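Chains, contacts and geometry: an overview
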2 protein chains.
Amino acid sequence: MNSTPKRRYVVLAEGRLREAKTAHGVLRYGRDEVVAVLDSTLAGGSVRGTMPGLVPDPGRDAPIVATLEEALVLSPTSILVGVAPAGGRLPGEWMETLRAAAGAGLEIVGGLHQRLAPEFPEARVWDVREPPAEAPIFSGEGFGVEPKVALTVGTDAAIGKMTATLEIARAAGEAGVQAAFVPTGQTGVIIAGWGACVDAVVSDFVAGVAEDLVLRAAKSMPDLVLVEGQGALSHPAYSGVTLGLLHGSCPDCLVLCVSPDRGPGYAGVPRPSPARAARLYEEAAALVKPSPVVAVSANTKGLTDEEAQHFVEKVSDETGLPTADPFRHSVGPILEAVLGS
Amino acid sequence: MNSTPKRRYVVLAEGRLREAKTAHGVLRYGRDEVVAVLDSTLAGGSVRGTMPGLVPDPGRDAPIVATLEEALVLSPTSILVGVAPAGGRLPGEWMETLRAAAGAGLEIVGGLHQRLAPEFPEARVWDVREPPAEAPIFSGEGFGVEPKVALTVGTDAAIGKMTATLEIARAAGEAGVQAAFVPTGQTGVIIAGWGACVDAVVSDFVAGVAEDLVLRAAKSMPDLVLVEGQGALSHPAYSGVTLGLLHGSCPDCLVLCVSPDRGPGYAGVPRPSPARAARLYEEAAALVKPSPVVAVSANTKGLTDEEAQHFVEKVSDETGLPTADPFRHSVGPILEAVLGS
């Protein structure tokens, strides 16, 4: 999957570290090391000191610095754009920082829609959202993959599928089960250092690219392949990406990610209930390969402990499935269901 | 939708007119005129004389010529690559013909994966599979479209969805119902002179492009918008395209296209029965907007009249829906069901 040397990142998150999802993901789960985070508004401390709970492992802490110069002392190999800018395009100041980093020999890494390679023709650039040059059509080879393949799916987009997948992978590792994480979105790809953003792939090739990712992950002979899901079958803008990934990755089982419903969803479209979603994912999967929903991962962010407990119990009752909140409690019941299925 | 001047096509189908699906579509249904077909192996006659039944309307007949020179006398505006070459890329001889046509001032039109604009930098080229430069994200505006919107769906890819859609549109016109055809694949786009190949669009934008096509079609205030379907929910390689189109085009009703099952489908995946497919399309649509399957279009190619009749009755019994073969008999019952729904 990934035998390239590890990167040493400076993460650019100027003024935005608190909401920098990509930075948080790399700090918490990344294969590569973060040697420093660049945010002059929080400089002087460390990530763990500034945002307790974000990085449970003290070995993954990093200093927050005010300038690129301070970061360069720590011998980074790469600079990562760690947050999507408000207006979509990178502000001029950030471009200056990236130019200086490139001048110091650093690789530039970005996961935005805006491609950086054309902006820095002289630099080494990894545009994470750039689709694979040779995208295959789905072949059916994925049906024969040896290890068990599990895919996360959801009742909505942006509901915590990537984090749930990574937490299952982490718990598997702790339990001595060798799990391969298959990244399908920009943050996942940056965290793992390989993969593909399936939503940036031409639609004809989404299933083929998903199949190819699973085949590549299976080559290292893990016990379990865990595929990061995207979108939702019920999300009117992204449902096609979701179904392409569901069919292309040929999963043996599914983990449904849910959160408490907070009013109408995208474009006013209501989210399906967990039970309805579970049934629909199973029916859609079964058109190509049967794949039961074996567990539910509940994202209870914003709820009190009591509310969270009530929500988890309600979902478990309604779906008849093992349900757990991987963040608040343990991902154990989900991992058990995946392994036992 | 399309107020550009009509093209006058020379259709390039050298040695392959009999199997040239794109040429057949344009001859039978095209908005633009075909002034000549280039196939030296059949030259001397006319299309209707050579392939009876292909072009029922005598006003749509065209001469078959052996050389570009003969065609140029008929004042064409454009040369259309009317058949996909066996090896994927156009043979050198065809490239020579296209170069000569461009030299004579003709526009080059192609619907292949291979883009022609880079090959003929001096010429006017319409690469039909080139996705729209500005692809929108699905917004939900499509929910408010005034005319009734119908979409064709199928139990498999390449099952006759485009032809069924065009036949419904033709019958509507004959019945005094103003129908707008929305093309979503290369032949459909060439036939109508506008549209987009949704399978060539980046997956994030498939639903948005489909919605945009319907909004554009609705602008001419037709009584009915008929959207050409793509792929199948059960086709492992293309199901994502199908679901993106199903949700993005916001249809009010669906027409299910079926054919007799002839063994395992793509990558060994069995096709769903018509009844199962109808139920699944309705459930998938209902996640975003309810859209009943109101009729079934049966493709009975290769069957005897008796077998075809039996197949149509069987599908009608199993689905409980009006079922007709638009080619062998009449598309009337389907149009009636669409208008009455």
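Worth saying up front: this structure is predicted, and the values here are computed from it rather than measured. (Residues numbered from 1 in each chain as written. Chains lettered and ligands numbered in written order. Predicted model: local features only at pLDDT ≥ 70, side-chain atom pairs only at ≥ 80, totals over all residues. Heavy atoms only, no water.)

Attention now moves to the side chain of A:Ser291. All names here are of chain A. Relative to the helices and strands, Ser291 is located in the loop between helix H9 (274–286) and strand S11 (293–298). In terms of polar contacts, Ser291 uses its side chain to reach the backbone carbonyl oxygen of Pro251, at 3.3 Å. When near neighbours in sequence (up to four residues on either side) are disregarded, Ser291 contacts Pro251, Asp252, Cys253, Leu254, Glu282 and Ala285. (Helix = DSSP H or I, 4+ residues; strand = E, 2+ residues; numbered from the N terminus. Polar contact = N/O pair within 3.5 Å; in protein donor to acceptor, adjacent residues only side chain to side chain. Contact = heavy atoms within 4.5 Å.)

Reading predicted coordinates in detail is not appropriate for stretches of low pLDDT. A residue-level look at chain A finds 98% of positions with pLDDT of 70 or above and a mean pLDDT of 95. Model confidence for the complex is summarised by a pTM of 0.95, with the ipTM given as 0.94. (pLDDT = per-residue confidence, 0-100.)

So, on to the sheet that holds strand S1 (residues 8–12) of chain B. Residues and elements named next belong to chain B. Read from one edge of the open sheet, six strands run S3-S2-S1-S4-S5-S6, paired in parallel fashion. Edge positions in the sheet fall to strand S3 (64–65) and strand S6 (125–127), since each has one partner strand and no second. Where strand S5 (residues 107–110) lies against S6, three bridges are found, and the strand directions are parallel. Counterpart to Ile108 in the pairing with S6 is Val125. Here helix H4 (residues 92–103) sits on the sheet and contacts S1, strand S2 (33–38), strand S4 (78–81) and S5; the angle it forms with S4, its principal contact strand, is near 160°. (Pairing = 2+ DSSP bridges. Axes fitted to C-alpha atoms, helices over the stretch in contact; angles between N-to-C directions.)

Moving on, we get to the interface of chain B and chain A. Tallying the contact residues gives 39 residues for chain B and 39 residues for chain A. When residues of chain B are sorted by the area they lose upon contact with chain A, B:Ser203, B:Asp204 and B:Leu287 head the list and together hold 21% of the total. The interface formed by chain B and chain A includes four salt bridges. Joining chain B to chain A, the criterion identifies 14 residue pairs in polar contact (both at pLDDT 80 or more). At the level of elements, helix H7 (206–218), helix H8 (239–248) and helix H9 (274–286) of chain B are the ones that each hand at least two residues to the side of chain B that touches chain A. The element contributing the most residues to the side of chain B that touches chain A is H8(B), with six residues. Of the residues contributing to the side of chain B that touches chain A, the split by class is 24 nonpolar, nine polar and six charged. (Buried area = accessible area lost by both parts, 1.4 Å probe. Salt bridge = Lys/Arg side-chain N within 4 Å of Asp/Glu carboxyl O. Nonpolar A, V, L, I, M, F, W, Y, C, P; charged D, E, K, R; others polar.)

This part covers the state of the cysteines. All names here are of chain A. All told, the structure shown has zero disulfides over all chains when counted by the stated rule. With no disulfide of its own, Cys250 has Cys253 as its nearest cysteine by sulfur position, at a separation of 13 Å. The class for Cys253 is buried, based on a relative accessible area of 0%. (Disulfide = S-S within 2.5 Å. Buried < 20%, exposed > 50% of the residue type's maximum accessible area, 1.4 Å probe, protein only.)

Moving on: the pairing of strand S10 (residues 253–258) of chain A. All names here are of chain A. In terms of burial, S10 is largely enclosed, as six of its six residues are buried. When strand S7 (residues 148–154) meets S10, the two strands line up parallel, connected through five bridges. Bridge pairing in S10 places Ala150 opposite Cys253. Sheet analysis places S10 next to S11, joined by five bridges and oriented parallel. Residue pairing across strands places Val258 opposite Ala298, the latter belonging to S11. Handedness of the crossover joining S10 and S11 through H9 is recorded here as right-handed. (Right-handed = clockwise from strand over helix to strand, strands pointing away.)

A few words on the relation of the copies chain B and chain A. Each of the two copies of the chain can be brought onto the other by a rotation about an axis and a shift along it. Between the two copies, chain B and chain A, the superposition gives an RMSD of 0.0 Å; the rotation angle is 180° and the shift along the axis is 0.0 Å. Such a combination of turn and shift is consistent with a two-fold rotation axis. Comparing interface residues between copies, 100% of those in chain B also lie at the interface in chain A; the contact surface is shared. (Least-squares fit on C-alpha atoms with pLDDT ≥ 70 in both.)

Turning our eyes to something else, we now look at the packing of H7(B) against H8(B). Packed helix pairs are characterised by how far apart their axes lie and by the angle those axes make with each other. Residues and elements named next belong to chain B. Running from N to C, H7 and H8 cross one another at 45°; their axes reach a closest spacing of 8 Å. By the angle class used here, H7 and H8 are oblique. Note on packing geometry: the crossing formed by H7 with H8 is right-handed. The segment H7 lies against H8, with Val206, Ala207, Ala210 and Glu211 engaging Val241, Gly244, Leu245 and Gly248. A per-class count over the contact of H7 with H8 returns five nonpolar, two polar and one charged. (Parallel < 35°, antiparallel > 145°, perpendicular 65-115°, else oblique. Left-handed = near helix turned anticlockwise from the far one by under 90°.)

So, about helix H10 (residues 305–319) of chain A. The α-helix advances 3.6 residues per turn, and as a result positions three or four apart in sequence lie on the same side. All names here are of chain A. End to end, H10 covers 21 Å across 15 residues, agreeing with the expected 21 Å (1.5 Å per residue, within 8%). Buried residues of H10: Ala308, Phe311, Val312, Val315 and Thr319, and no others. Along the axis of H10, the buried positions cluster into a sector of 95°, meaning they face one direction only. What points out from H10, more than 90 degrees from its buried face, is the exposed set Glu306, His310 and Asp317. Residues of H10 that are buried sit in contact with S10, H9, S11 and strand S12 (323–324). Once H10 finishes, Gly320 follows within two positions and takes phi at roughly 70°, a positive value. (Expected span 1.5 Å × (residues − 1). Arc of directions from axis to C-beta.)

Soluble globular proteins tend to bury their nonpolar side chains together. In terms of nonpolar packing, the biggest core is built from 192 residues, with A:Tyr281 and B:Tyr281 touching the most fellow members. Setting aside chain neighbours within four positions, we find B:Tyr281 in contact with B:Val153, B:Gly154, B:Ala232, B:Leu233, B:Thr242, B:Leu246, B:Leu254, B:Leu256 and B:Val293. (Core = buried A, V, L, I, M, F, W, Y, C linked by side-chain atoms within 4.5 Å.)

All names here are of chain A. Scanning all chains against the criterion turns up two aromatic pairs over all chains. An angle of 70° between the planes, with centres 5.6 Å apart, marks the rings of Phe138 and Phe143 as edge-to-face. Overall, Phe138 belongs to the buried group, its relative accessible area being 1%. Residue Phe143 is classed as partly exposed on the basis of its relative accessible area, which comes to 29%. (Phe/Tyr/Trp six-rings, centres within 6.5 Å; stacked < 30°, edge-to-face > 60°.)

Another point: the packing of helix H8 (residues 239–248) of chain A against H8(B). In the contact formed by H8(A) and H8(B), the axes pass within 7 Å of each other and the chain directions differ by 155°. When the interaxial angle is binned, H8(A) and H8(B) end up roughly antiparallel. Note on packing geometry: the crossing formed by H8(A) with H8(B) is right-handed. Across from A:Ser239, A:Gly240, A:Leu243, A:Gly244 and A:His247 in H8(A), the residues of H8(B) making contact are B:Ser239, B:Gly240, B:Leu243, B:Gly244 and B:His247. Here the contact of H8(A) with H8(B) is built from residues that sort into two nonpolar, eight polar and no charged.

With that out of the way, let us pick up helix H5 (residues 161–174) of chain A. Residues and elements named next belong to chain A. Its 14 residues place the ends of H5 20 Å apart at the C-alpha level, agreeing with the 20 Å of an ideal helix rising 1.5 Å per residue. Most of H5 sits inside the fold, with ten of its 14 residues counted as buried. All buried positions along H5 are accounted for by Lys161, Met162, Ala164, Thr165, Leu166, Glu167, Ile168, Ala169, Ala171 and Ala172. Two residues or fewer past H5, Gly176 is found with a positive phi of approximately 80°.

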